Each structure stands twice: as structure tokens, then as C-alpha cells.
Amino acid sequence: TVTGSASACPQARKFGGGPPASCKGPSDPNRKPASALEKWFTREMFNDLFPFANIGWGPNKCFPYSYEAFVIAARYFPDFGTVSPNKIYSADQNKKRDLAAFFAHAVQETGENNADLYAQFTGQQAANCFYRGGFYNWFEGGPVSSFLDKSSPGYQPVDGNQCNKGGRYCAESAELNYFYGCSNATGRGAGTYKGCYFGRGAIQISYNYNYGMFQNWLKSQGIMVDLLANPNLVMTKMDPPLAIMASLWFYMTPQPPKPAMHDIVMGTWTSGAANAAAGYSGPIFGPTSLIINNECNGEDASNPGGPGESRRIKAFKWFCQYFSVPAGADNTLTCKTMPIKFDMLRQNQSYQPDWSSTWKEQPCACAPAEYGGMISYFDPKFYPAQFVKLNAANKIACENSLYDKPSIYSLDAKTSPCLNHPRK
């Protein structure tokens, strides 16, 4: 085929001593059934697409990235690479475009991104090797990340257990500290920490709130793991394997006012009238770059081009070429001309205290609000039913926090009499 094979590409640089000779490998304590994805996306395809994964050593069940880990993660998201909710593309095309989008972002986020390949080869051959560089890095900054301690530079997944101050990525506020408070545990050396929320995984979740939200989702699946205390478990936990699962969770889950990247690629998102009039509706790729890293600069004319949205677009086109599916119209491969960005769409985003009733002699309540907070509200006009169903439980969670620690909302019993009336 025009996209060739991994055997035609030079070996990537390897770091460290490689994987252990043997290991238990990834497993699933919930024993989820096989996904329909496994019927068409094979181990051979994974190994051909990501020959230099795991800092150059290739797919390996003893390291975070492997076909075994990928399929276990996919089983927790049975719609990934398996559904066809639009009629713009065929069922086969929709399934493959879903994987193409996820892999495109993985290349940009954790790929080797070796631009020297374009000096060694020309045209298609250079692209065929460059875009096979995905799943290379485990940590933000690569195997020699500046966030890691020099005594453990990132040659093994456990090396992410501590970081310097720059890798803490701890966002703080009264609300954040209540819901997703950062660990202050120190590392082995002076100035090192264990509470490090820098980017990890295939598309790199970062910051304490993303680790905390992923932790909550894991709990909903019966998986109890304290990622706020031990964030590097994203890279080292293999039962189930979290490095790819965390990234799939981020890809598949909306965070108001942003839809899920999966829903954009599948066309099951609501863009608003102005965006739809400009062609930004249905199953497209462009707005996914806005979600993952707020990038909307378009595609460079040169190859591989500068980092950012340009490489995401080029990678998506290459993976679509690999899977023999259409990428879509050029103008919607970028979000550059999208008239109304997500943060400007009028919608309720989170549950907040119902300010219209806090002064009343009645139990406190929470209500949807048009600003972001820690507890999502999924507006039925904008989000799929599976997320709208979460609203009832999210409202209760908001009200529980309101009574548990009203100060995070600047409330007290004197100014907010509702606190004197316990919830029914």
C-alpha cells in the first residue's frame, strides 16, 4: 500500500535498558468482554503502526504501550472504533476515522516526532515513518524530561514517581483544593515531589483536576486507585493498564463546555447555528484540536511542519490514508475558521449553589450555571443521553459539597440560612 510498512523505517533511538525479560502483563480485574474493535483492528496493525513505542523498544506487554493494553482499555469504551451514528460515512469509515483521530493526537502528544526523517527520505516515505512514531514517550518532555529527577531520567515507567517543582502542575483554588487537592508528598531529594501532575499517557492527561476526574471515573468502574496521591500509577498500573485508558477516557468524555473528541469525529455533537452555517457540524476533525490543546493555527504548507494543530491534521490525514477512509473537507480539518469557539457557546456548564434560594429558610440546593466548575452539568441540548443521565447524581454531589464545606462557595450559616436546614 501507499503507506508502506514499518520494516522500511530506520530504527528509532532507544533509551534505557529496555523491558524486563518477563512480566505478568496487563490484565483486567473486571474481565470486560471483548470490544467489536478487536474484530477489525489487529495486533499486526498495532505493531505496524507503532513500531517505536515505549521510547524506542516497540510494543511490549511489560511496558505501558502494547496491543494487550490497548484492547483492554478499549473494552471500557465500547463505542470507540465500533459505532456509526451518522450517514455521511459508511460504518467501516466511521469506525476507522475514530481510531485515526485518536492516533493522530497520540502522535503529536507522545510521538517521536523525528523531523530528520524528512531529510533522510522524500515525500510519502518520510511521512510513512514519521507518523509511525506514535506512543513513543511516556512522560511530557520525553524520556529525558526536564520535569524528572536526574537520578531517574525516565528510562523506566517508575521514574515518573517524583519530579521537580516544574512538573507539579498543581492548580489551586478553594473548589479545586476540596475536590482535587494536590499531594504535598516530597520525593527522595531536596526540591522533589511525588505529587506530580505533568502529562502522562498516550495523549497526556495533565493537572490535578484531570487526574482527579479520571480517578472518579475509575471508581465508577469499580477500580479504586488514588491518582491524586500517586499520579504515576497512570504509567505503572497494569491491572487494568491505565496509560492508554486515561487517554481514551479523555478522548471519549465531554468536559462542558467542550464536547468529547469522539463525538465530534462521529458527528454526535451540537455546534450551534453559527458554526453549522460555516460547515462546522457533523463528523469532522478540526475542533478536536481545540479541545485537546486549544490549537487552531491551521496546517503548514511544509512537512512535517511546526508542532501544534498542523501536525495533528497531517497525522489524521495519514492515518485516514492508512485505513483507506476519507479525512473530510480541508476547511474542517482545522478549527481556524470556526466562528464560535466552545467557551463562547451559551450553555449551562456546571452545578453551583442555587443562589436564588440560599437566603431562604429551606434546604440548600444546587442548580445549573453558565460558568465552569468542578461538577459538570450536561445540557441536554448539547450532550449525548449517556452523559445527561449523570446530571441527577452530579446535582447531589454538588449539594453534598455545599453542606460539607460551604466556605468553598463563600457561604456561611449567617448569610445563607438554607444551611440551617438539612437536605431532605
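Residues numbered from 1 in each chain as written. Predicted model: local features only at pLDDT ≥ 70, side-chain atom pairs only at ≥ 80, totals over all residues. Heavy atoms only, no water.

A.B. asks: Teacher, can you tell me more about the packing of helix α7 (residues 208–220) against helix α9 (residues 242–252) here?
C.D. replies: The description of two helices packed together rests on the angle between their axes and the distance between the axes. Contact geometry for α7 and α9: axes closest at 11 Å, N-to-C directions at 100°. In this view, α7 runs roughly perpendicular relative to α9, as classed from their interaxial angle. Taken together, the residues of α9 that come into contact with α7 (itself represented by N210, M213, F214, W217 and L218) are L242, M245, A246, W249 and F250. Looking at the contact of α7 with α9 residue by residue, the classes come out as nine nonpolar, one polar and no charged. (Axes fitted to C-alpha atoms, helices over the stretch in contact; angles between N-to-C directions. Helix = DSSP H or I, 4+ residues; strand = E, 2+ residues; numbered from the N terminus. Parallel < 35°, antiparallel > 145°, perpendicular 65-115°, else oblique. Contact = heavy atoms within 4.5 Å. Nonpolar A, V, L, I, M, F, W, Y, C, P; charged D, E, K, R; others polar.)

A.B. asks: For this particular structure, what's the right way to read the state of the cysteines?
C.D. replies: Linking two cysteines covalently via their sulfur atoms produces the bond known as a disulfide. Counted under the stated rule, the structure contains seven disulfides. Between C296 and C335 runs a disulfide, and the two sulfur atoms are separated by 2.0 Å. What sets the handedness of the C296 and C335 disulfide is the S-S torsion sign, and at about -110° it is left-handed. Of the two residues, C296 sits in the loop between α12 (287–293) and α13 (309–323) while C335 sits in the loop between α13 and β3 (350–353), which places them 39 residues apart along the sequence. The class of C296 is buried, set by a relative accessible area of 16%. Disulfide partner of C364: C418, at an S-S distance of 1.9 Å. Note on the C364 and C418 pair: the S-S dihedral is about 85°, so by sign convention the disulfide is right-handed. Of this pair, C364 sits in the loop between β3 and β4 (366–369) while C418 is found in the segment after α15 (391–404), placing the two residues 54 residues apart along the sequence. With relative accessibility at 0%, the residue C418 sits in the buried group. Here C320 is not disulfide-linked; the sulfur of C335 is the nearest cysteine sulfur, at 17 Å. (Disulfide = S-S within 2.5 Å. Buried < 20%, exposed > 50% of the residue type's maximum accessible area, 1.4 Å probe, protein only.)

A.B. asks: Please clarify how α15 should be interpreted in this entry.
C.D. replies: A turn of α-helix holds 3.6 residues, and therefore any two residues three or four places apart point the same way. Across its 14 residues, α15 extends 20 Å between first and last C-alpha, which sits within 8% of the 20 Å expected from 1.5 Å per residue. Residues of α15 that are buried: N391, N394, C398, E399, S401 and L402. Looking straight down α15, one finds its buried side chains confined to an arc of 160°; they lie on one side. Seen from the open side of α15, the exposed residues pointing more than 90 degrees away from its buried face are A392, A393 and D404. As for α15, its buried residues are in contact with α6 (174–180), β3, β4 and α14 (385–388). (Expected span 1.5 Å × (residues − 1). Arc of directions from axis to C-beta.)

A.B. asks: Just to check I follow, could you spell out the packing of helix α3 (residues 91–110) against α13 for this structure?
C.D. replies: Contact geometry for α3 and α13: axes closest at 8 Å, N-to-C directions at 140°. Classed by the angle they form, the pair α3 and α13 counts as oblique. When the axes of α3 and α13 are compared, the crossing they make is right-handed. Taken together, the residues of α13 that come into contact with α3 (itself represented by K96, R97, L99, A100, A101, F103, A104, H105, V107, Q108 and E109) are R311, R312, A315, F316, F319, C320 and F323. The class makeup of the residues in the contact of α3 with α13 is eleven nonpolar, two polar and five charged. (Left-handed = near helix turned anticlockwise from the far one by under 90°.)

A.B. asks: When you look at the UniProt feature "domain: Glycoside hydrolase family 19 catalytic" (unreviewed entry) in the protein chain in this model, what are you seeing that I'm missing?
C.D. replies: Within this structure's numbering, the places UniProt gives as "domain: Glycoside hydrolase family 19 catalytic" (unreviewed entry) are residues 42–115 and 181–329. For residues 42–115, the helix share is 49%, the strand share is 0%, and the end-to-end C-alpha distance is 28 Å. Secondary structure across residues 181–329 divides into 41% helix and 1% strand, with the first and last C-alpha atoms of the span separated by 43 Å. (UniProt positions renumbered as here; feature names shortened; annotations may be inferred.)

A.B. asks: Please explain the environment of F387 as it appears in this structure.
C.D. replies: Mapped onto the fold, F387 is located in helix α14. As a C-alpha pair, F387 and S376 span eleven residues in sequence and 9.7 Å in three-dimensional space. With near-sequence residues (within four places) excluded, F387 lies in contact with M252, T253, P254, D263 and F378.

A.B. asks: What am I meant to see in the pattern of salt bridges here?
C.D. replies: It is possible for side chains of opposite charge to pair when their charged atoms get near one another. In this structure the tally under the stated criterion is 13 salt bridges. R75 is paired through a salt bridge with E38; the nearest N and O atoms lie 2.9 Å apart. Of this pair, R75 sits in helix α2 (residues 67–75) while E38 sits in the segment before α1 (43–49), and the two are 37 residues apart along the sequence. For R75, a relative accessible area of 23% corresponds to the partly exposed category. A relative accessible area of 22% means that E38 is categorised as partly exposed. The partner of K237 in a salt bridge is D239, and the shortest N-O contact between them spans 3.0 Å. Judged by relative accessible area, K237 falls into the buried class, the value being 16%. Note on D239: relative accessible area 39%, which makes it partly exposed. What you see here is one network of salt bridges that share partners, running through E109, E295 and R312. (Salt bridge = Lys/Arg side-chain N within 4 Å of Asp/Glu carboxyl O.)

A.B. asks: Can you help me understand the side chain of K96 in this one?
C.D. replies: In this structure, K96 sits in helix α3. In this structure K96 touches W40, F323 and V325, once residues within four positions along its chain are discounted.

A.B. asks: What is the right way to look at the packing of aromatic side chains in this model?
C.D. replies: A full pass over the atoms with the stated rule returns 50 aromatic pairs. Each ring, one from W138 and one from F139, has its centre 6.2 Å from the other, and the planes form 85°; the classification is edge-to-face. W138 sits in the buried class, given a relative accessible area of 1%. Lying across the ring of Y193, R168 places its NZ or CZ 4.9 Å from the centre. Above the plane of the ring of F198 lies R200, whose end atom (NZ or CZ) is 4.1 Å from the centre. (Phe/Tyr/Trp six-rings, centres within 6.5 Å; stacked < 30°, edge-to-face > 60°. Lys NZ or Arg CZ within 6 Å of the ring centre and 35° of its normal.)

A.B. asks: Please clarify how the environment of I292 should be interpreted in this entry.
C.D. replies: In this fold, I292 is placed in helix α12. Using a relative accessible area of 11% as the deciding quantity, one classes I292 as buried. In the structure, I292 is positioned 126 residues away from G166 in sequence and 21 Å away in space, judged by C-alpha atoms.

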